[in-house]
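Below, each chain spelled out in residue letters.
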Amino acid sequence: MPFPSIRPLRQATSSLLLLLCALAHAQPAPSPAAANAPSTRPAGSAPVDGAASTPAAAPTAGDAALLSRDARRIYELSRDKLVQIRTLLRNAGTQASIGSGFFVSADGLIVTNFHVASQLALEPERYRGVYVTMDGQEGEVELLAFDVQRDLAVLRAKGRTAAAPVLSFRPTTDPLAQGERIYSLGNPLDIGFAVTEGTYNGLVKRSFYPRIFFGGALNPGMSGGPAVDDAGRVLGVNVAKRLDGEQVSFLIPAEFAQALVQRAANAQPITQAAHAEMTRQLMEHQQLLTDRFLKAPFREQRHGNYRLPVPDDALARCWGSGRDPAFPGLNLERTQCQADSDVVAGDFSTGAVRLSYEAYNAPTLGAARFARMYSQSFANERLPTRGNRHQTAAECTERFVDPGGVPLRAVVCLSAYRKLTGLYNMTVLAISVNQPTQGVLGRLDVQGIAFDNGMKLASHYLKAFRWEAAP
């Protein structure tokens, strides 16, 4: 395609825009390499100073005092149950990342995000974890269980002699009401514990896993902290925010944290690299992803006589654009779709599904000029020809196929994950070859897919291209 792909940020649908993946790795320590690399986890907005957020409409003096009292009450009610989670290099003892967490059991179980504790899960020989309470007490933690799909982890505070003060969960039988007040707690940017006030705005539409839309501010370092109601009961866990908006943040519903706590209660500490367990969970994720895409028929998008497959609106957001002035004499239309199915797999994300199209119509160019331009667009597509520490270089197969709707030139590329055995990133490129001055170029990218399911999705995708001749 003649435009550069934007990766790993999402297309204009949801991530240029992207979710700040979990205020990710909370607050990683800077490094020379990171300073020169494009950031996939931006720092976000200005730090919270501990006061309640200012509402859009100026409250009366009485309202302001009430809001302030509520925030202070929640803060005082919760402060001794909150902890900061620090990941340290074992040899040097220097801080590698920070996040937040909270006690959920008297014997010292702590809930946080998986991305906060992922180094303990995947590189335990190199990293160790500690918790720090509000009053500065510090202790070692051990990882008991994690949920990659929901970005959750449960730790245990080691060596505690006194019972830990705990936050209780809001019962699932007490549903949240639209506009209900929420208080998010954590340690933003490592400048101190804070409480941020916001509202409940329902569940996020099209999110692959349920996420609460929190109308309030989250910042790096608050990852894994609790979000509580007026009674101080946990209703969610801080996880992400949108980079392209204000007061648009996301929480993991508390029910998933409760389920993981139950699983962790009798679990043995994870002391060896847990790639096998992470692979098992990602295999479940890709199976769910495959099933949903295969069961939901593609919608047809019309470009002249071409009919192109786009995901069902419940699965993905799609955006389009019309004529590009940079290409005179060419009618060029673009579509980009993204499923909100990413999951954190340590220091990178996987599980995304992206589709993009370009439809060309150039009746004044002539067949030879159009073919040259059209072939160059196909050749411009970027493929992972080089491996990295996570994946092998892609291996590609090219064929001319006619799946029944329109003859296509198709390329399928697979890149294997080095430590997640059986999972691949797949790219499918398809370009129509049935008209002299018209054509469509499509691309499907799927991350973290099993080989068999990748072939099913590729076939499902290619069969959905159609051409309808004029009557």
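Structural data are supplied above this passage.
Sequence order as written defines residue numbering, which begins from 1 separately in each chain. With the structure being a predicted model, the display of local features is reserved for residues of pLDDT at least 70 and the display and counting of side-chain atom pairs for 80 or more, all residues being used for whole-chain, interface and lining totals. To get the side-chain values, all heavy atoms of the structure are used, and hydrogens and water are removed first.

Participant: Can you help me understand the pattern of salt bridges in this one?
Facilitator: Two side chains carrying opposite charge are able to pair once their charged atoms lie near each other. One side-chain nitrogen of Lys or Arg within 4 Å of one carboxyl oxygen of Asp or Glu is enough to make a salt bridge. Summed over all chains, the structure comprises 25 salt bridges. Here R181 makes a salt bridge to D70, at a shortest N to O gap of 2.7 Å. In this pair, R181 sits in strand β8 (residues 181–186) while D70 sits in helix α2 (residues 61–78), placing the two residues 111 residues apart along the sequence. A salt bridge links R443 to D445; its shortest N-O distance comes to 2.7 Å. For the exposure calls, accessible area comes from a 1.4 Å probe over protein chains only, and a residue counts as buried if that area is under 20% of its type's maximum, exposed if over 50%, partly exposed in between. Judged by its relative accessible area of 9%, R443 falls in the buried class. Residue D445 is classed as buried on the basis of its relative accessible area, which comes to 17%. A network of salt bridges, in which partner residues are shared, links D70, R73, R181, E197 and D230. Elements are defined by DSSP. Helices are runs of H or I of four residues or more, strands are runs of E of two residues or more, and each kind is numbered from the N terminus.

Participant: I tried to follow the state of the cysteines on my own but got confused; where do I start?
Facilitator: Disulfides are covalent bonds that connect the sulfur atoms of two cysteines. Note that a disulfide, as used here, is simply two cysteine sulfur atoms within 2.5 Å. Using the criterion set out here, one finds two disulfides in the structure. Residue C318 pairs covalently with C337 via a disulfide, S to S 2.0 Å. Judged by the sign of its S-S torsion, about 115°, the bond between C318 and C337 is right-handed. Linking C318 in strand β16 (residues 316–321) with C337 in strand β17 (residues 331–339), this pair joins segments that are 19 residues apart in sequence. Take C318: its relative accessible area is 27%, and that puts it in the partly exposed class. Taking the relative accessible area as the measure of exposure, C337 reaches 0% and is therefore buried.

Participant: Could you clarify how one ought to interpret helix α3 (residues 114–122) in this entry?
Facilitator: Owing to its 3.6 residues per turn, the α-helix aligns residues three or four sequence positions apart on the same side. Counting buried positions over the nine residues of α3 gives nine, a clear majority of the element. Looking only at α3, the buried set comprises F114, H115, V116, A117, S118, Q119, L120, A121 and L122.

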